[in-house]
Number of protein chains: 2
Amino acid sequence: MATLSDNKNDPLIIFTPSGKRGRFAKGTPILEAARALGVNIDSVCGGRGICGRCQIEPSFGEFAKHAITSTSENISPFGAKEERYKNKFGLADLRRLSCSAQIEGDIVIDVPPESEMHKQIVRKQADERDIILNPCIRLYYIEVEEPDMHNPKGDLERVYEAIAAQWNLDIADCDLHILPILQKALRKGQWKITVAIYNDKHIIAVWPELQDKLYGLAVDIGSTTIACHLTNMQTGDVVAASGIMNPQIRFGEDLMSRVSYVMMNPGGDQEMTKAVREAINTLIEQVCEEAEITKDVVLDAVFVGNPVMHHLFLGIDPTELGGAPFALAAGSAQSFKASDIDISIASGGRVYILPCIAGHVGADTAGVVLSEAPFNNEEITLLVDVGTNAEIVLGNKDKLVAASSPTGPAFEGAEISSGQRAAPGAIERVRIDKETLEPRFRIIGSETWSDEEGFAKEVENIGVTGICGSGIIEIIAQMYLAGIITQDGVIDGTLAQKSNRILQDGRTFSYLVHEGEVTVKVTQNDVRAIQLAKSALYAGCKLLMEKLGVNAVDKIKLAGAFGTHIDTKYALILGMIPDCQLENVIAAGNAAGTGARIALLNKDTRQEIEDVVEKIEKIETAVEPRFQEHFIAAMGIPNSADEFQILRNNVDMPKFVISSAQSGQKEAGSKRKRRANRRGSA
Amino acid sequence: MATLSDNKNDPLIIFTPSGKRGRFAKGTPILEAARALGVNIDSVCGGRGICGRCQIEPSFGEFAKHAITSTSENISPFGAKEERYKNKFGLADLRRLSCSAQIEGDIVIDVPPESEMHKQIVRKQADERDIILNPCIRLYYIEVEEPDMHNPKGDLERVYEAIAAQWNLDIADCDLHILPILQKALRKGQWKITVAIYNDKHIIAVWPELQDKLYGLAVDIGSTTIACHLTNMQTGDVVAASGIMNPQIRFGEDLMSRVSYVMMNPGGDQEMTKAVREAINTLIEQVCEEAEITKDVVLDAVFVGNPVMHHLFLGIDPTELGGAPFALAAGSAQSFKASDIDISIASGGRVYILPCIAGHVGADTAGVVLSEAPFNNEEITLLVDVGTNAEIVLGNKDKLVAASSPTGPAFEGAEISSGQRAAPGAIERVRIDKETLEPRFRIIGSETWSDEEGFAKEVENIGVTGICGSGIIEIIAQMYLAGIITQDGVIDGTLAQKSNRILQDGRTFSYLVHEGEVTVKVTQNDVRAIQLAKSALYAGCKLLMEKLGVNAVDKIKLAGAFGTHIDTKYALILGMIPDCQLENVIAAGNAAGTGARIALLNKDTRQEIEDVVEKIEKIETAVEPRFQEHFIAAMGIPNSADEFQILRNNVDMPKFVISSAQSGQKEAGSKRKRRANRRGSA
């Protein structure tokens, strides 16, 4: 490696954008100068001019700020390695290979982002931290000494020596499946091979010659859907994404019915394990086909999932998760070979599954925590992931608490008379005229509102089939705002005189949304189901706020489909989540999957999330008497007389602020008290 | 743990045979005192009085040497734990459980060998080092905290905590196959389980309650025979041993024909890999049945074999071993899961294969080196393992050199006209009357000599089918001693006048040993084949002696079937091996298998042999011009005029000393020179 020079006569090299600088002897390759200065320029081939990863761009001109003049004479002319590379693969006009180009005088060198070894992957939202690309598997090109009768070392041992000499890595061992293919690769590559090394220690793949492709998978195993992102491990780009229904649905729609299936059918867990692994393998085929790559370059896969999905994926009977004390078989993160669990990626591919937090708070929630990183921030963040239960994590860099609230599946449209999964034909947006009580709505698969021209044609094509989870939240909030349901959740039967949308069902009433092939209505039981679910969610949040000792939260992030599809203001109107500035209530998208992708791309984050999860205080709502109190207090709908008045008048304003007061803990705190009082009296 | 006391009033405890002593407070359990003093008493249950491993025996009386009086009052009375154990499993009269019995006054405690944790396994021969029992897998009984809604840790994490608290081990991970069975084991054992831990770090097996059995396999994969020793890992005893024909024989009798088979039949390596693994699994079934144990308590297996066997066992195509430069795919020792190579022991069972030394000097030779441990001794030892080739290792603690000599398979009875494998009916012992030239002989399977009464009946039952490898050495030496062959290996045709045992075959002669269903004779070509083989062996030894810079060797150990069956004096008479005191030419038995057993029982020896092998200087005879010179010089049979005279007169004397002079380098050296001169002139 090049060494920094003290001699003022030696040329000065300045790297941008890092600003790192130093003097080196003339003739020093720029790649070596970069390494000596800690500028991490990528390279797979180790400076042999064949991988093209180490491209840089000299900047010419006078740099007054740096007091140097950088000229084209100050860098060596285009060399043979560069010519060869350019002819074979192309090289943009100003680009040079830093392993070839040498320092001849003062020079400013720009390192383009794609040439950085620990590239930053910038995420969209301002409060999300960027991902530093630092995967636990890397490719290394090596040139291996040929065997010789005078030196009877094995081929593998000479590979170890080459890695030590050319990459300064001390290899501990190699996967058994390498042994049968190593000699052929060495001879086919004429003693030049590429190896994939796991955790700087273990050889897990080998190819003849230079092999420059490395991919990984981030997989979120949901109870309903399995989502998979195929990621280029060298750029961090998602190159293909696909989802598939979780085939375990045929054994039970929701988690608990799958656990019951195992209890009733010995061996049922093995059936479900086989089903989910097969589905994942199908997904892998799909994304590889989409990205036009072969599976042998997919070397890493990171998984998240709730505890039942986690257990079934790992081949563990989830029965214990079905009853108190809800003991996980294993909560800690697990690393193993993909072949150990029949996941078809490369032969030596590795699998990592994030830790579970508790019996009801799974590796998916750990993924959300890793993605949203509340442990890095000062502000108090509430993370909510609503599925069959709601997983809730609250806190900041000082402390995190977590719990699962037994919301049941109502938010997903289950247990609702006209409820259905989010699919074309499901009502997802509703507005009710508070004078006429007439609804207008929109269905998934159409942009046309029901009172607009062309809707009849849409119905013909798609149908109106029910109400999805976010639709049911919206319609109940609208019913409340229109005065159809009272603050304590009763559908007001007296309105039947005013509108034939109010129907009598024995002793209770329901609200007719749509008549057609399917009759869509909201019954009193539906309202009760949503009240139970939302008060469970609210009570869980309140319990965690008490545990953390805070009166208000600075930010609420809603993860998953719930957060993506729901109009968050209705969640606030119904009192599902604690008060917060509406603009600080943010949909986090598939944060669990993003967490998996982060753990895939940066090995250090694996230890990080394991440490964070270890320190999270886990709260079991079932044994907390305060949870019951909060639950009962939260059953009603918050009073609409004051801060919701504005909502009644203008429900579609884009950024609605619930309280006109400035956001702040004290203010929010006093507001919380007012609402709690209201609930108490409801 | 108990702490040593400075107080002279506290009782003194003395452990025998170690003599370790110290004072402890009254009431200290003897097991704890032992640990505080570094007396390693075994325990699987961690002092709970259920495993019975920690038995000790108090010695009562006045011990003038130690100046203490040890009385039965000075140890606590038989306790409840001991009563329970005695009733359940029995306990010899004076025996106590050291985890229960407490110090009440001055006491002498005898630790019987079977209670020692690092038991010494004493080996038979005086120059063999003992094996210290220290396997890399151990059993630990633990009591695990029950899950609790207030502490939502997973079961596995509570197991880790229990191991840390009760055994002070920091577990890194657990095998994936443990996850599906852990919860059931914990509940079945009522939160008491036994775990098997590999290398103090990895959980590889789990059973409910106390499980006290741990076995391992030492397997020597020979080209002809696979030998397996099932070993109790807690006592070091071999509890069952069995051998099986290597089914690869159907693909080729010797190593090179198997390599050729692969060259001619693509995929042939996979057939042979499958065949050898299946045979090993059959063997495992056999030894487990013999020992009446189930495979789930067989957790470790150590393998040795020559390079071709090593490669085929690991699934590696051995083609490269068939031609220069004879490159091993991998020479270093390999550790992996038994399931990775389809070896059916316990699900979490581990496999270790010793390192190969060079392309022709395999893991079997490494086993011989580990067993005979020349690296521990001052004296210059020559290790010879004769198979298709002869593997030779020479040296002492300062330096070892190794080579393979291309003896060909003549020593195994192949390429010999009447040669056959050692099996019933093969001639193995021969004496020739030097007056009449009449032979008398003995066959394998019978104790009767051919000139004794009853031999005809034996022939009827067994038959005389040929000559085995050790028989051919013996008969040629006897032919030489009887003057039938000359010093340069020619069968003297002039003797045909004297005896009708000398037959003419065209231009050469042969010696008729037996006429019957099969005619057994020794042809001129047979003598030539043995001459070529023995001069190759001798030349290899000489080359190594030159490389090491010694003129003589102190000890010769002949490993394997060759060493076991051959009468070593005939090896010396023919000049197969360098001169050495006959009493120092020792059969080492299946030293390769013993090496495997050592590596099985003591994990430290694995690193030891890896380090030793790394440092062995490997000599490739094919590129050493001196080898050819030695080879040609060694073709003849050493002159019988002087030191062999005595052999002519009394070939059956039990401990024949070749030279009447004292053994010693100088003396032996001058003798060597004389013999070299003789050869030179032959």
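Residues numbered from 1 in each chain as written. Chains lettered and ligands numbered in written order. Predicted model: local features only at pLDDT ≥ 70, side-chain atom pairs only at ≥ 80, totals over all residues. Heavy atoms only, no water.

1. Some words on the relation of the copies chain B and chain A
Overlay of chain B on chain A (RMSD 0.1 Å): rotation 180 degrees, translation along the axis 0.0 Å. Both chain copies can therefore be described as sitting about a two-fold axis. For chain B, the residue whose C-alpha comes nearest the rotation axis is D340 of chain B, separated from it by 4.7 Å. Counting the interface residues of chain B, we find that 100% of their copies in chain A are interface residues as well, pointing to one common contact surface. (Least-squares fit on C-alpha atoms with pLDDT ≥ 70 in both. Contact = heavy atoms within 4.5 Å.)

2. Some thoughts on the domain arrangement of chain A
All names here are of chain A. Once the domains are mapped, chain A shows domain 1 (12–115), domain 2 (137–208), domain 3 (366–406 + 535–648) and domain 4 (418–522). For domain 3 versus domain 4, the separation of C-alpha centres amounts to 29 Å. Facing 14 residues of domain 3, the contacting portion of domain 4 comprises 15 residues. Summed over both sides, the interface between domain 3 and domain 4 buries roughly 1,400 Å², with carbon and sulfur atoms accounting for 64% of that surface. In this structure, the connection of domain 3 to domain 4 is made through zero salt bridges. Applying the counting criterion to the domain 3 and domain 4 interface returns five residue pairs in polar contact (both at pLDDT 80 or more). With four residues, helix α13 (residues 568–574) is the single largest residue contributor to the side of domain 3 that touches domain 4. Tallied by class, residues from the side of domain 3 that touches domain 4 come to eight nonpolar, four polar and two charged. (Domains from an automatic or database assignment. Buried area = accessible area lost by both parts, 1.4 Å probe. Salt bridge = Lys/Arg side-chain N within 4 Å of Asp/Glu carboxyl O. Polar contact = N/O pair within 3.5 Å; in protein donor to acceptor, adjacent residues only side chain to side chain. Helix = DSSP H or I, 4+ residues; strand = E, 2+ residues; numbered from the N terminus. Nonpolar A, V, L, I, M, F, W, Y, C, P; charged D, E, K, R; others polar.)

3. A short note on the packing of helix α8 (residues 363–372) of chain B against helix α14 (residues 591–601) of chain B
Residue and element names in this part refer to chain B. Interaxial distance between α8 and α14 falls to 7 Å at its minimum, and their mutual angle equals 70 degrees. Comparing the axis directions of α8 and α14 gives the class roughly perpendicular. Touching D364, G367, V368, L370, S371 and E372 of α8 are A591, A592, T594, G595, I598 and A599, all from α14. (Axes fitted to C-alpha atoms, helices over the stretch in contact; angles between N-to-C directions. Parallel < 35°, antiparallel > 145°, perpendicular 65-115°, else oblique.)

4. Concerning the interface of chain B and chain A
Every contact between the two is made by 46 residues of chain B and, on the other side, 46 residues of chain A. Counting the surface lost from both chain B and chain A, the interface buries some 3,500 Å², and carbon and sulfur atoms represent 61% of this. Linking chain B with chain A are six salt bridges, by the criterion used here. D340 of chain A is the partner of K337 of chain B in a salt bridge, and the nearest nitrogen-oxygen pair spans 3.9 Å. Counting across the chain B and chain A interface gives 18 residue pairs in polar contact (both at pLDDT 80 or more).

5. Some thoughts on the packing of helix α3 (residues 155–167) of chain A against helix α4 (residues 179–188) of chain A
Residue and element names in this part refer to chain A. Two elements in contact, α3 and α4, have axes separated by 10 Å at closest approach and are oriented at 70 degrees. On the basis of the axis angle, α3 is roughly perpendicular to α4. In terms of crossing hand, the pair formed by α3 and α4 is left-handed. Residues D155, L156 and V159 of α3 form the contact with α4, whose participating residues are L179, L182, Q183, L186 and R187. A breakdown of the residues in the contact of α3 with α4 according to their chemical character gives five nonpolar, one polar and two charged. (Left-handed = near helix turned anticlockwise from the far one by under 90°.)

6. Looking at the side chain of R501 of chain A
Relative to the assigned elements, R501 of chain A resides in the loop between α10 (469–481) and β26 (502–505). Setting aside residues no more than four positions away along its own chain, R501 of chain A makes contact with L437, E438, P439, S510, Y511, L512, V513 and H514 of chain A.

7. Side note on the state of the cysteines
All names here are of chain A. Inspection of every chain in the model, using the stated rule, returns zero disulfides over all chains. Here C541 is not cross-linked by a disulfide; its sulfur's nearest cysteine counterpart is in C580, at 11 Å. Taking the relative accessible area as the measure of exposure, C541 reaches 0% and is therefore buried. (Disulfide = S-S within 2.5 Å. Buried < 20%, exposed > 50% of the residue type's maximum accessible area, 1.4 Å probe, protein only.)

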